[in-house]
Amino acid sequence: MSQAGDDEKLARAARDDPAAFGVLYQRYAQAVFGYAYRWLGSADAAEDVTSSIFTRALAQLSGYRGDGSFRSWLFAIAYRTLQETSRQRRNEPAGDALDDLPAADPSPLESLIARDEAAALRRAVETLPDVQREVVLLRLAGLTTAEIAAALDKRHDAIRAAQSRAFARLRTLIHEEEIARGA
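Computed from a predicted structure; not experimentally measured. (Residues numbered from 1 in each chain as written. Predicted model: local features only at pLDDT ≥ 70, side-chain atom pairs only at ≥ 80, totals over all residues. Heavy atoms only, no water.)

1. Focus on the overall build of the chain
Now for step 1: Across its full length, the chain holds eight helices and zero strands.
Now for step 2: Mapped from its N terminus to its C terminus, the chain presents α and β elements in the order α-α-α-α-α-α-α-α.
Now for step 3: If you take every contact in the chain between residues at least 6 apart in sequence, the share linking residues at least 24 apart comes to 63%.
Now for step 4: Of the roughly 10400 Å² of accessible surface on the chain, a fraction of 50% belongs to carbon and sulfur atoms. (Helix = DSSP H or I, 4+ residues; strand = E, 2+ residues; numbered from the N terminus. Contact = heavy atoms within 4.5 Å. Areas by Shrake-Rupley, 256 points an atom, 1.4 Å probe, with all protein chains shown as cover.)

Spelled out as structure tokens, the structure:
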């Protein structure tokens, strides 16, 4: 059975037995956390929001029709939850939302380079229009174009076009920054 079919079966089972939802949580918690971390820039805030996202998903499970991928449905909930969270946090200073998640024992030089590269990417992503920024963040979370379209309730071709424009703009911005630094 495919993972999508397995997800649908688990989601149906979890309607009657919330313990079955644990497998779905294990399968998607890291990806949802990564998405929230990149959006919020704080591991603590991302942990809180990830918990909230899965609590909402469990509560809304009866609304999952199984006619699309569970992952798209889950990331649609994540997207709406993060939008609400962002509105509530507007007055707080922004963190390094695209910094790499902690790696296993990087050297100080590797950490410095990774932080510099992540900061450049974060600055570039922040300049993108909202839809393009969301497409990039969802792509970084591992979603396919079709899943992003479902999560954002947009047409597949609109997501492909937004993704293409976003990546072209990011390449240009990062190249301009490298030239400005003399790299």
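2. Description of the nonpolar core
Now for step 1: If you look at the biggest cluster of nonpolar residues, it comprises 43 residues, and the most contacted ones within it are Phe 21, Tyr 35, Leu 61, Phe 70, Leu 74, Phe 75 and Leu 138.
Now for step 2: Taken together, the elements giving at least two residues each to this core come down to helix 1 (3–16), helix 2 (21–40), helix 3 (43–59), helix 4 (70–88), helix 6 (130–140), helix 7 (145–152) and helix 8 (156–181).
Now for step 3: In contact with Phe 21, not counting residues within four places along its chain, are Ala 14, Phe 54, Ala 57, Leu 58, Leu 61 and Phe 70.
Now for step 4: Of all hydrophobic cores here, the second largest spans seven residues; its members include Ala 124, Val 136, Ala 166 and Leu 170. (Core = buried A, V, L, I, M, F, W, Y, C linked by side-chain atoms within 4.5 Å. Buried < 20%, exposed > 50% of the residue type's maximum accessible area, 1.4 Å probe, protein only.)

3. Remarks on the pattern of salt bridges
Now for step 1: Counted by the stated rule, this structure contains seven salt bridges.
Now for step 2: We note a salt bridge from Arg 27 to Asp 6, for which the minimum N-O separation is 2.8 Å. Residue Arg 27 is found in helix 2, and its partner Asp 6 is found in helix 1; the two are separated by 21 residues along the sequence.
Now for step 3: On the basis of relative accessible area, Arg 27 is assigned to the partly exposed category, the value being 30%.
Now for step 4: For Asp 6, a relative accessible area of 23% translates into the label partly exposed.
Now for step 5: In this structure, Arg 12 engages Glu 8 in a salt bridge whose closest nitrogen and oxygen atoms are separated by 3.0 Å. Residue Arg 12 and its partner Glu 8 are located together in helix 1, separated by four residues, close to a single helical turn.
Now for step 6: Among the residues examined, Glu 8 registers a relative accessible area of 26% and is labelled partly exposed.
Now for step 7: Here the residues in one salt-bridge network are Asp 6, Asp 7 and Arg 27, joined through shared partners. (Salt bridge = Lys/Arg side-chain N within 4 Å of Asp/Glu carboxyl O.)

4. Quick word on helix 7
Turn by turn, an α-helix covers 3.6 residues, leaving residues three or four places apart pointing in a common direction.
Now for step 1: For helix 7, a buried count of six out of eight residues is recorded, marking the element as mostly surrounded by other parts of the structure.
Now for step 2: Looking at the buried residues of helix 7, the elements they touch are helix 4, helix 6 and helix 8.
Now for step 3: Asp 153 sits one or two residues past helix 7 and shows a positive phi near 55°.

5. Some details on unusual backbone geometry
Of all residues except glycine, most have a negative phi; of all peptide bonds, most are trans.
Now for step 1: Phi angles above zero are rare outside glycine, and Asp 153 is one such case at about 55°.
Now for step 2: Residue position: Asp 153 is located in the loop between helix 7 and helix 8.

6. Quick look at helix 2
Now for step 1: At Tyr 28, helix 2 is bent by approximately 50°, the largest bend along its length.
Now for step 2: Listed as buried for helix 2 are Phe 21, Leu 24, Tyr 28, Ala 29, Val 32, Phe 33, Gly 34, Tyr 35, Ala 36, Tyr 37, Trp 39 and Leu 40.
Now for step 3: The positive-phi residue at the C-terminal boundary of helix 2 is Gly 41, with phi of around 80°. (Bend = angle between axes of the 7 residues up to and from the residue.)

7. Observations regarding the packing of helix 2 against helix 4
Now for step 1: Across the interface, helix 2 lies against helix 4 with an axial gap of 11 Å and an inter-helix angle of 40°. Classified by the interaxial angle, the pair formed by helix 2 and helix 4 is oblique. Where helix 2 crosses over helix 4, the two elements pack in a sense that is right-handed. Contacts between helix 2 and helix 4 involve Phe 21, Leu 24, Tyr 28, Ala 31, Val 32, Tyr 35, Ala 36, Trp 39 and Leu 40 on the former and, on the latter, Phe 70, Arg 71, Leu 74, Phe 75, Ala 78, Tyr 79, Leu 82, Gln 83, Thr 85 and Ser 86.
Now for step 2: Split by residue class, the contact of helix 2 with helix 4 holds 15 nonpolar, three polar and one charged. (Axes fitted to C-alpha atoms, helices over the stretch in contact; angles between N-to-C directions. Parallel < 35°, antiparallel > 145°, perpendicular 65-115°, else oblique. Left-handed = near helix turned anticlockwise from the far one by under 90°. Nonpolar A, V, L, I, M, F, W, Y, C, P; charged D, E, K, R; others polar.)

8. What to know about the packing of helix 7 against helix 8
Now for step 1: For the pair helix 7 and helix 8, interaxial distance at closest approach is 9 Å and the crossing angle is 110°. It follows that helix 7 is roughly perpendicular to helix 8 by the angle criterion. Contacts from Thr 145, Ala 146, Ile 148, Ala 149 and Leu 152 in helix 7 reach His 156, Ile 159, Arg 160 and Gln 163 in helix 8.
Now for step 2: Considering only residue class, the contact of helix 7 with helix 8 consists of five nonpolar, three polar and one charged.

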